[in-house]
Amino acid sequence: MTVRKGNRLGISIQEHMAINVCPGPIRPIRQISAYFPRGDGEGGGGASKCLLSPLLPGAAGGGGSLSAMSSMDTSIEIDSCDSDDNTSLGTLEFDLLYEKATSSLHCTVLRAKGLKPMDFNGLADPYVKLHLLPGACKANKLKTKIVRNTLNPVWNETLTYCGITEEDMYRKTLRVSVCDEDKLTHNEFIGESRVALRRVKPDQTKHFNICLEHPPPLPSPTAMSTALRGISCYLREFLPPNARGGLCVGVKRCAHLAAMDVNGFSDPYVKTYLKPDVQKKSKHKTAVIKKTLNPEFNEEFFYEISFTELASKTLEVTVWDYDLGKSNDFIGGVSFGCHSQGDALQHWIDCLKNKGQKVERWHTLTNELPGSTVQE
């Protein structure tokens, strides 16, 4: 269709409504006239009261709009759903209640509407997962039942966190995510929302009706600041009974690891090597902790070696992400020895000086280990 310059193209109301059509709820585009009062002959005094305030249905003049808005329940929060990216994922409705006397946080998951189809039949098998951030790991995950073959599931299910302090309510965030169960393959992510718990007042139920969103973009491991990734470990050089001596290596925990999987988490484990390792017998490995960026290991390994030999060795501690059926991903590492630098060198020297004493430090993980080739 060709439109000549100067000609005004007329748009029908049906075409106007179709501009904002999407798989989720269809909402008309607000017009500028909705933000100004209609001239009903009541003078200009009432008009000035409702500027930049959309008129509500059933409101008489500008004053009715203002009073209707002021009477709305402030405990109900409805996030804007005008974005096509948001409405295509669906909406979720839930309540939050923090009971100060019992230190418990209750999340009542009510319903979802207009979810994104995930299965071949054009439907989904949705369920809701809760995580407390920071520290989103398997230990603090709560999950609803699964509702089969629907895009508008109703749960009416209450999930409760116990032992939540007022400090937790101030600094933690609740991540509410909707997923689709798939028995043949892995479960699929639909959308999520994050609520700062400080928005919830003690002993007052707060209602949320929000649009699901895509998870925030995750920086690549190479671009992510290495200062965020760290590991806590300790070294102890001692003489056990009936042995020639050795080095005890303890791996306690990691924090803020890079997310290596599509679900926004990793399946981390730690490996240690004492190099040079001519006979390839110095590797030790922790258990794999699933779906977390802040794993707790609390494992200890022992190398039987004399003090003289230990002085010429280098201890490598590396963190990996486990992947089933393909090569594992390197997250970061730290090396201890006479050729190390900074805190790692000081940790090694303190270990050799203080025989029999546990010397614990927190170390930043790096993408490259000096003078070494990272091996799986």
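For clarity, every value in this text was computed on a predicted model and none was experimentally measured.

**Digging into helix H6 (residues 342–353)**
- The terminal C-alpha atoms of H6, which comprises 12 residues, lie 17 Å apart, in line with the 16 Å expected from a rise of 1.5 Å per residue.
- Of the positions making up H6, those classed as buried are Ala344, His347, Trp348, Asp350, Cys351 and Leu352.

**A word on the pairing of strand S12 (residues 268–275)**
- By the criterion of burial, S12 is predominantly enclosed, with 8 of the 8 residues buried.
- Along S12, one buried face is formed by Pro268, Val270, Thr272 and Leu274 and the opposite face, lined by Tyr269, Lys271, Tyr273 and Lys275, is buried too.
- Pairing of S12 with strand S13 (residues 284–285), which is carried by 2 bridges, proceeds in the antiparallel orientation. From the neighbouring strand, Thr272 faces S13, where its bridge partner is His284.

**Regarding the nonpolar core**
- Counting residues in each nonpolar core, the largest one holds 32 residues, and the members touching the most others are Leu92, Phe94, Leu96, Val128, Leu130 and Leu174.
- Among the secondary structure elements, those contributing two or more residues to this core are strand S2 (91–99), strand S3 (104–113), strand S4 (126–133), strand S6 (154–162), strand S7 (173–180), strand S8 (188–196) and strand S9 (206–211).
- Sequence-distant contacts of Leu174, defined by excluding residues within four places in its chain, comprise Leu96, Cys107, Leu130, His131, Leu132, Tyr161, Ser193, Arg194, Val195 and Leu197.
- Ranked by size, the runner-up nonpolar core spans 27 residues in total, among them Ile231, Cys233, Leu235 and Leu352.

**Describing the pattern of salt bridges**
- Inspection of the entire model under this criterion finds 12 salt bridges.
- For Arg111, the salt bridge goes to Glu93, with nearest N and O atoms at 3.1 Å. Pair noted here: Arg111 is in strand S3 and Glu93 is in strand S2, with a separation of 18 residues, a long-range link.
- A salt bridge links Arg148 to Glu181; the nearest nitrogen and oxygen atoms lie 2.4 Å apart. Here Arg148 is found in the loop between strand S5 (142–143) and S6, whereas its partner Glu181 is found in the loop between S7 and S8, with 33 residues between them in sequence.
- On the basis of relative accessibility, which here comes to 17%, the residue Glu181 falls in the buried class.

Criteria and cut-off values
One numbering rule holds for all chains: residues counted from 1, following each sequence as written. Given that the model is predicted, a residue must reach a pLDDT of at least 70 before its local features are reported, and side-chain atom pairs must reach 80 or more before they are shown or counted; all residues, however, enter totals for whole chains, interfaces and linings. Derived side-chain values reflect all non-hydrogen atoms in the structure, with water molecules and hydrogen atoms excluded from consideration. Secondary structure counts use DSSP, requiring at least four H or I residues in a row for a helix and at least two E residues in a row for a strand, with both numbered from the N terminus. In this scheme, a helix's expected span is set at 1.5 Å multiplied by one less than its residue total. Relative accessibility thresholds used throughout: buried, under 20% of the residue-type maximum; exposed, over 50%; partly exposed, between the two (1.4 Å probe, protein chains only). In this analysis, strands are considered paired if DSSP registers two or more bridges between them. Residues enter a nonpolar core if they are buried and are Ala, Val, Leu, Ile, Met, Phe, Trp, Tyr or Cys, with the set joined through side-chain atoms within 4.5 Å. Contacts between residues were defined by any pair of non-hydrogen atoms, one from each residue, lying within 4.5 Å. Salt bridge, as used here: a side-chain nitrogen of Lys or Arg that lies within 4 Å of a carboxyl oxygen of Asp or Glu.

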